[in-house]
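# Structural characterization, general
One letter stands for each residue in the lines below.
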Amino acid sequence: MRIVVVEDEIKIRKGIAKIIESQTEHVVQGEAVNGQEGLEMILRFKPDLVITDVRMPKMDGLEMVQHLYERKIPFHAVILSGYSEFEYARKAIQYGVDEYLLKPLDIHDIRKMLDKVEEKIQREQITNGTPGMYLRNLITGKESDVEKICGILKDICGFPAEGSYQLFAGYIGAA
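Residues numbered from 1 in each chain as written. Predicted model: local features only at pLDDT ≥ 70, side-chain atom pairs only at ≥ 80, totals over all residues. Heavy atoms only, no water.

### Focus on the overall build of the protein
As a reminder of what qualifies: Counting from the N terminus, the helices are the DSSP runs of H or I reaching at least four residues and the strands are the DSSP runs of E reaching at least two. In this description the radius of gyration comes from C-alpha coordinates, and the expected globular size is given by 2.2 Å times residues to the power 0.38. When a residue's accessible area, from a 1.4 Å probe over protein chains only, is under 20% of the maximum for its type it is buried; when over 50% it is exposed; and in between it is partly exposed. Residues count as neighbours in contact if any of their non-hydrogen atoms are within 4.5 Å of one another. For the accessible areas, the method is Shrake-Rupley and the probe is 1.4 Å, while residue cover comes only from the protein chains on display. We treat Lys and Arg as the positive residues and Asp and Glu as the negative residues; His and chain ends play no part in the count. Each charge is placed at NZ for Lys, CZ for Arg, CG for Asp and CD for Glu.
Scanning the protein for helices and strands turns up seven helices and five strands. Reading the protein from its N terminus to its C terminus gives the helix and strand order β-α-β-α-β-α-β-α-β-α-α-α. Taking 2.2 N^0.38 as the reference for a compact globule, 175 residues should give roughly 16 Å; the C-alpha atoms of the protein span a radius of gyration of 17 Å, in line with that estimate. Put simply, the protein has 175 residues, and 36% of those count as buried. For the protein, long-range pairs separated by at least 24 residues make up 58% of all intrachain contacts whose partners lie at least 6 apart in sequence. Accessible surface, the protein as shown: approximately 10,900 Å² in total, 53% of it carbon and sulfur. With 23 positive and 28 negative side-chain charges, the protein shows a separation of 2 Å between the mean positions of the two kinds.

### What about the nonpolar core?
What counts here: Think of a nonpolar core as a cluster: buried Ala, Val, Leu, Ile, Met, Phe, Trp, Tyr and Cys residues, connected wherever their side-chain atoms sit within 4.5 Å.
By size, the foremost hydrophobic cluster in this structure holds 22 residues, and its most contacted members are Val6, Met64, Val65 and Ile79. Here Val6 is in contact with Ala32, Asn34, Gly35, Gly38, Val50, Ile51, Thr52, Asp53, Met56 and Met64, once residues within four sequence places are set aside. Among the nonpolar cores identified, the runner-up in size contains 18 residues, and Ile16, Ile19, Ile20 and Ile121 belong to it.

### A look at the packing of helix α2 (residues 35-45) against helix α3 (residues 61-70)
For clarity, the cut-off: Here, axes are lines fitted to C-alpha atoms. For helices the fit covers the stretch in contact, and angles between N-to-C directions go from 0 to 180 degrees. The crossing is said to be left-handed when, going from far helix to near helix, the turn is anticlockwise and less than a right angle, and right-handed when the turn is clockwise.
Running from N to C, α2 and α3 point in directions that differ by 35°, and their axes come no closer than 8 Å. α2 and α3 meet at a crossing whose hand is right-handed. Note on element contacts: α3 touches α2 through Met64, His67 and Leu68, opposite Gly35, Gly38, Leu39 and Ile42.

### A closer look at the sheet that holds strand β3 (residues 49-53)
Going by this rule: Pairing between two strands is assigned when DSSP locates at least 2 bridges connecting them.
An order of β2-β1-β3-β4-β5 is seen for the five strands of this open sheet, with the pairing classed as parallel. Single-partner strands in this sheet number two, and they are β2 (27-32) and β5 (99-102). Here the average twist between neighbouring strands, direction ignored, is 20°. Relative to β3, strand β1 (residues 2-6) runs parallel, the two sharing four bridges. Within β3, the position partnered with Val6 by the bridge is Thr52. Against the sheet, α3 makes contact with β1, β3 and β4 (77-81), and its axis sits at roughly 145° relative to β3, the strand it touches most.

### Some thoughts on the packing of aromatic side chains
Selection criterion: The aromatic pairing rule takes the rings of Phe, Tyr and Trp, using the six-membered ring of Trp, and pairs them if the centres are within 6.5 Å, calling planes under 30 degrees apart stacked, those over 60 edge-to-face and the rest tilted.
Tallying each qualifying case throughout the model produces one aromatic pair. Both rings, one in Tyr69 and one in Tyr95, keep their centres 5.6 Å apart while their planes meet at 55°; by these two values the pair is tilted. One end of the pair, Tyr69, is in helix α3; the other, Tyr95, is in the loop between α4 (86-94) and β5, with 26 residues separating them in the sequence. When its relative accessible area of 43% is taken as the criterion, Tyr69 is described as partly exposed.

Structure (structure tokens):
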């Protein structure tokens, strides 16, 4: 999985990234110090998973997740918090967050959480399909309902429904 870590406390952010990179096969694509920076990074990198703190300056983790949710950008997120307040957890669930973990975390918590999210992503890819699969089927003509596939791709990729888009495809060998 490709992961973005959004955490204002540098020791926690670097610690999580180091555990992920040294103890798993996953890749940390980026680290952000607040939700605003995290949102920009997520829109640029399109990671498989976002691990974010709740309380941060400028924009907190729940606001960041709310922006993703409202823009219909597909995401998987794990909220980290030092607070076990029900309201935070309720909002996190409302925005489709996968996990809500309380700090402090240890290596086992992080591994267990990553395994759980990875399993969920794999199930979704089997049942829902991936953007690559839909594009491939569209290009090769395996799908006859072009409008339906284009609608699904707009939803998956977070494109506004009212826009008009062009698809350019190229072949770069086995890559």
